[in-house]
Amino acid sequence: MISAVTASGKVFFGMEERALLSQDVIRFVKRVRRLVGRPLLLIWDGAGIHTSNVVRRALTEGMSPGVWLVRLPPYAPDLNPDEAIWSYLKRRLANVCCLNLNDLKARLRREISRLRPKANLVLSCFNAAELPL
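> How do you make sense of the overall build of the chain when you look at a structure like this?
Summing up its helical and strand segments, the chain has 5 helices and 4 strands in all. In sequence order, the chain lays out its α and β elements as β-β-α-β-α-β-α-α-α. Computed over the C-alpha atoms, the radius of gyration of the chain is 15 Å, within 12% of the 14 Å expected from 2.2 N^0.38 for a compact globule of 133 residues. Here the C-alpha coordinates of the chain stretch approximately 45 × 30 × 30 Å along the principal axes. Taken across its 133 residues, the chain has 38% of its residues classed as buried.

Encoded structure:
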């Protein structure tokens, strides 16, 4: 899974049945940039996939107009609004028994669909992170 939240309360998700690759991150950032339709400030953690040479090159060469990157300090989930969204989704799926991977994906998609109209909930994740917006 890959996800992003905006300070306006929108959420974006991507799902693969394998470990994400650098190209997946680049494709996701391009999709979010296109859907947001204005300059994009990415605030993300220091996961290896975020800091790979391929992603770094894409950000500095191909996507750099209108895309800026700010890296959070190491292990700072309390500063990452996206972590709060995942915490919420995990609580919604707690004690759920899925028959298989397709069932899990369907349940996760349903919870994401229920989350999307709750802009105030997403905004509360930004407020809890105390990020200067």
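> So what exactly am I meant to see when it comes to the state of the cysteines here?
Per the stated rule, a full pass over the model turns up 0 disulfides. The structure places no disulfide on Cys-97, whose sulfur is separated from the nearest cysteine sulfur, that of Cys-98, by 6.9 Å.

> What's the story with the packing of helix α3 (residues 81-92) against helix α5 (residues 119-129) in this structure? I'm lost.
A pair of packed helices is characterised by two quantities: the angle between their axes and the separation of those axes. Closest axis-to-axis distance for the α3/α5 pair is 8 Å, and the angle between their directions is 130°. Relative to α5, the element α3 lies oblique. In this structure, α3 meets α5 at a crossing whose hand is right-handed. Between α3, through Pro-81, Ala-84, Ile-85 and Tyr-88, and α5, the contact on the second element is made entirely by Leu-121, Val-122, Cys-125, Phe-126 and Ala-129. When grouped by side-chain class, the residues that make up the contact of α3 with α5 number 9 nonpolar, no polar and no charged.

> Explain unusual backbone geometry here, please?
With glycine set apart, most residues show a phi of negative sign, and most peptide bonds adopt trans. With a phi close to 60°, Asn-95 is a non-glycine residue in the positive phi region. Summarising the element assignment, Asn-95 is placed in the loop between α3 and α4 (101-115). Note on Asn-95: relative accessible area 83%, which makes it exposed.

> Before we go on, may I ask you to explain the pairing of strand β3 (residues 40-44) in this structure?
It is a general feature of regular strands that their side chains alternate between the two faces of the sheet. Residues of β3 alternate between two faces, with Leu-40, Leu-42 and Trp-44 buried on one and Leu-41 and Ile-43 left unburied on the opposite face. The pairing of β3 with strand β4 (residues 67-71) spans 5 bridges and is parallel. Looking across to β4, one finds that Leu-41 is bridged to Trp-68.

> Teacher, can you tell me more about the pairing of strand β2 (residues 11-14) here?
Residue alternation in β2 divides its side chains into two sets, Val-11 and Phe-13 and Phe-12 and Gly-14, and both sets are buried. Hairpin connection from strand β1 (residues 2-5) to β2: 5 residues lie between these consecutive antiparallel strands, with Gly-9 at a positive phi of about 95°.

> Where do I start with the pattern of salt bridges in this structure?
Side-chain pairing between opposite charges can occur once the charged atoms of the two side chains come close. The final tally for this structure, using the stated rule, is 7 salt bridges. Salt bridges sharing common partners tie together Glu-16, Arg-18, Asp-24 and Arg-27.

> Even after reading the chapter, I still don't get α5, so can you show me in this structure?
It helps to recall that an α-helix has 3.6 residues per turn; residues three or four apart then point in one direction. Within α5, burial applies to Val-122, Cys-125, Phe-126 and Ala-129. Projected down its long axis, α5 carries its buried residues within an arc of 95°, all on one side. Opposite the buried face of α5, at more than 90 degrees from it, the exposed residues are Asn-120, Asn-127 and Ala-128. Those residues of α5 hidden inside the fold are in contact with β1, β2, α3 and α4. At the C-terminal side of α5, Glu-130 shows a positive phi close to 55°.

Criteria and cut-off values
- Residues numbered from 1 in each chain as written.
- Predicted model: local features only at pLDDT ≥ 70, side-chain atom pairs only at ≥ 80, totals over all residues.
- Heavy atoms only, no water.
- Helix = DSSP H or I, 4+ residues; strand = E, 2+ residues; numbered from the N terminus.
- Rg over C-alpha atoms; globule rule 2.2 N^0.38 Å.
- Buried < 20%, exposed > 50% of the residue type's maximum accessible area, 1.4 Å probe, protein only.
- Disulfide = S-S within 2.5 Å.
- Axes fitted to C-alpha atoms, helices over the stretch in contact; angles between N-to-C directions.
- Parallel < 35°, antiparallel > 145°, perpendicular 65-115°, else oblique.
- Left-handed = near helix turned anticlockwise from the far one by under 90°.
- Contact = heavy atoms within 4.5 Å.
- Nonpolar A, V, L, I, M, F, W, Y, C, P; charged D, E, K, R; others polar.
- Pairing = 2+ DSSP bridges.
- Salt bridge = Lys/Arg side-chain N within 4 Å of Asp/Glu carboxyl O.
- Arc of directions from axis to C-beta.

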